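Remarks on the overall topology
Spelled out, the chains give:
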Amino acid sequence: MKIVSKQNQLDNYQAKVVASTASGFGLENMDVMFLSFALSSIIAELHLSGTQAGLISTITNIGMLLGGIFFGILADKIGRIKTFSHTIFIFAFATAAMFFAHNLTAIYICRFIAGIGAGGEYGIGMTVLAESFSKEKLGRVSSWVGMAGQVGAIFASLLAALILPTLGWHALFLFGVIPVVITFFIRRHLRESTAFTNSSKEKHGNVKQLFATPKIAYQTIALMIMAIVQIAGYFGLMNWLPTIMQKQMNLTVGASTWMIATILGMCAGMLTFGWILDNLGPRLAFGIFLAASAIGVYVLTLPSNVWSLILVGAVVGYFSNGMFAGYGAIVSRLYPTEVRATANNVIMNVGRCIGGFSSLAIGFILDNYNIMTVMVFISTLYIISLLVMLTITNLKAENYKKI
């Protein structure tokens with residue numbers, strides 16, 4: 001009876017870890033989507049130029065990079081749980097503060113602060129997961145949490161549909177503070193992992209460890225390149241393609257319909273990727289999904305009606321974003337406890353900051369070339385990521401299992 005009780009207690013604690021981490025991811029993505037849905041209203045109210053509007057997202061990404069580095073180091077030094085709570089409170093309240101932002105300067109400040117909090121949250125959440133589950137389950141658990149981010153996107157779209165027409169964009173951002181109550185309640189029941197408390201305190205949060213030897217430095221830079229491609233492909237495919245199809249292929253599909261189809265595809269892709277990662281290794285998992293993404297962008301030129309476009313969108317979402325949660329799983333395996341949160345945040349937020357410019361690059365290509373050039377550009381990015389991934393020796397199945 002005691003053995004069963006202890007096992008149930010462990011299962012209950014892991015459920016709390018998943019619930020708290022998932023709520024943080026869901027809130028973060030809901031916050032990002034709030035800006036996407038409200039941007040046209042903000043532009044109209046403040047009479048913004050395209051450059052001024054685009055700078056809102058750029059400033060958010062810069063905040064994410066700085067916050068990711070700072071809070072990653074802090075989480076490795078003083079603890080994951082305490083730091084994770086702070087990051088969630090920061091970006092939640094900064095999101096709610098948009099209610100009071102009535103000029104462009106105030107919006108920039110709010111989004112920068114929100115970015116700082118959101119940038120810290122990702123790597124710490126993945127680290128908490130990695131230190132609460134066996135390494136054999138980390139891919140699948142990470143996929144569950146990744147799916148929570150897509151649930152956040154759905155909630156954002158539903159709230160935007162209800163709030164924007166009646167109360168306006170200011171009121172929409174107030175809802176960013178709601179999940180804090182849930183997160184605060186769950187966080188009270190979490191504790192620092194044994195791996196963290198037993199690790200060497202002198203080495204905690206040292207960014208130099210990410211580049212300690214030529215082999216580790218190459219691994220870190222290679223993973224950054226993969227993260228850049230992941231974010232660039234996501235923004236390129238999800239933000240631009242509906243517009244491309246409508247303007248250049250005379251196909252009209254509602255934004256909400258497109259989003260639901262791609263989100264369902266992404267969730268299915270995450271579940272599949274997590275299973276392959278845990279059972280067959282990272283090289284095969286990333287190899288399949290990167291190769292399929294490189295080919296899949298050309299498939300988007302084939303639809304001849306709305307339903308085929310929606311189906312292809314779901315398939316492309318399956319492969320292009322199914323990999324996302326897997327980055328936290330492999331980074332958590334490849335780097336030691338002392339710098340695990342730092343590694344996750346630095347690698348992924350470099351990806352966000354640089355990869356986020358893909359929308360600008362695709363806009364430039366469309367202005368000067370054609371849709372096929374866009375497809376070649378995105379496909380080339382995935383091929384580069386695939387080739388880089390194959391050079392990371394620790395991602396070989398035999399090496400990965402020993403870590």
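Below or above, wherever it landed, is the structure these notes cover.

The rules behind these values
Residues numbered from 1 in each chain as written. Predicted model: local features only at pLDDT ≥ 70, side-chain atom pairs only at ≥ 80, totals over all residues. Heavy atoms only, no water. Helix = DSSP H or I, 4+ residues; strand = E, 2+ residues; numbered from the N terminus. Buried < 20%, exposed > 50% of the residue type's maximum accessible area, 1.4 Å probe, protein only. Contact = heavy atoms within 4.5 Å. Areas by Shrake-Rupley, 256 points an atom, 1.4 Å probe, with all protein chains shown as cover. Patch = residues over 30% accessible without salt bridge, like charges linked within 9 Å, V, L, I, M, F, W, Y side chains within 5 Å. Salt bridge = Lys/Arg side-chain N within 4 Å of Asp/Glu carboxyl O. Axes fitted to C-alpha atoms, helices over the stretch in contact; angles between N-to-C directions. Parallel < 35°, antiparallel > 145°, perpendicular 65-115°, else oblique. Left-handed = near helix turned anticlockwise from the far one by under 90°. Nonpolar A, V, L, I, M, F, W, Y, C, P; charged D, E, K, R; others polar. Expected span 1.5 Å × (residues − 1). Core = buried A, V, L, I, M, F, W, Y, C linked by side-chain atoms within 4.5 Å.

1. Considering the overall build of the chain
The helix and strand tally for the chain stands at 17 helices and zero strands. By residue count, 55% of the 403 residues in the chain fall in the buried class. Nonlocal contacts in the chain, meaning residues at least 24 apart in sequence, comprise 84% of its contacts between residues at least 6 apart. With the model as given, the accessible surface of the chain reaches about 17100 Å², and the carbon-plus-sulfur share is 70%.

2. Brief notes about a nonpolar patch on the surface
There is a patch of nonpolar side chains on the surface, built from Val151, Ile154, Phe155 and Leu158 and spanning about 350 Å² of accessible area. The partly exposed category is assigned to Leu158, whose relative accessible area is 49%.

3. Some thoughts on the environment of Ile109
Looking at the secondary structure, you find Ile109 in helix H4 (residues 104-130). Sequence spacing of Ile109 and Ala94 is 15 residues, and the spatial spacing of their C-alpha atoms is 8.8 Å.

4. Describing the packing of H4 against helix H14 (residues 340-355)
At a minimum axis separation of 8 Å, H4 and H14 run at an interaxial angle of 135°. Relative to H14, the element H4 is oriented oblique. Every pair of crossing elements has a handedness; the one defined by H4 and H14 is right-handed. Of the residues in H14, those touching H4 at Ala118, Gly119, Gly120, Tyr122, Gly123, Ile124, Met126, Thr127 and Ala130 are Arg340, Ala341, Asn344, Asn345, Met348, Asn349 and Arg352. Split into classes, the residues belonging to the contact of H4 with H14 amount to seven nonpolar, seven polar and two charged.

5. Let's talk about helix H11 (residues 282-299)
Given a rise of 1.5 Å per residue, 18 residues ought to cover 26 Å, and the 25 Å separating the end C-alpha atoms of H11 matches this to within 8%. When H11 is considered as a whole, its buried residues turn out to be Pro282, Ala285, Phe286, Gly287, Phe289, Leu290, Ser293, Ala294, Gly296 and Val297.

6. What about the pattern of salt bridges?
Inspection of the entire model under this criterion finds four salt bridges. With a closest N to O distance of 2.6 Å, Asp76 and Arg80 form a salt bridge. Accessibility classification places Asp76 together with Arg80 in one group, the buried group. Asp278 is the salt-bridge partner of Arg140, the closest N and O atoms lying 3.0 Å from each other. Of this pair, Arg140 sits in helix H5 (residues 138-163) while Asp278 is found in helix H10 (residues 255-280), placing the two residues 138 residues apart along the sequence. Ionic contacts of the salt-bridge type, sharing partners, join the residues Asp76, Arg80, Glu131 and Arg340 into one network.

7. Some remarks on the nonpolar core
Ranked by size, the top nonpolar core spans 107 residues in total, and within it Leu129, Leu223, Met226, Phe286 and Tyr335 carry the most contacts. Residue contacts for Leu129: discarding those within four places in its chain leaves Val17, Val18, Thr21, Leu138, Val141, Ser142 and Val145.

8. A short note on the side chain of Thr220
Along the chain, the position of Thr220 falls in helix H9 (residues 214-248). Filtering out sequence-adjacent residues up to four positions away, Thr220 remains in contact with Leu210, Phe211, Tyr335 and Ile347.

9. Some points on the side chain of Thr21
Here Thr21 lies in helix H1 (residues 2-46). Excluding its chain neighbours within four sequence positions, the residues that come into contact with Thr21 are Phe84, Glu121, Gly125, Leu129 and Val145.

10. Examining the packing of helix H3 (residues 80-96) against H4
At a minimum axis separation of 7 Å, H3 and H4 run at an interaxial angle of 150°. Here H3 lies roughly antiparallel to H4, going by the angle between them. Crossing of H3 against H4: the hand is left-handed. Taking contact as the criterion, the partners of Arg80, Ile81, Thr83, Phe84, Thr87, Ile88, Ile90, Phe91, Ala94 and Thr95 in H3 are, on H4, Cys110, Arg111, Ile113, Ala114, Gly117, Ala118, Gly120, Glu121, Ile124, Gly125, Thr127 and Val128.

Shape descriptors only; they carry no functional weight alone.
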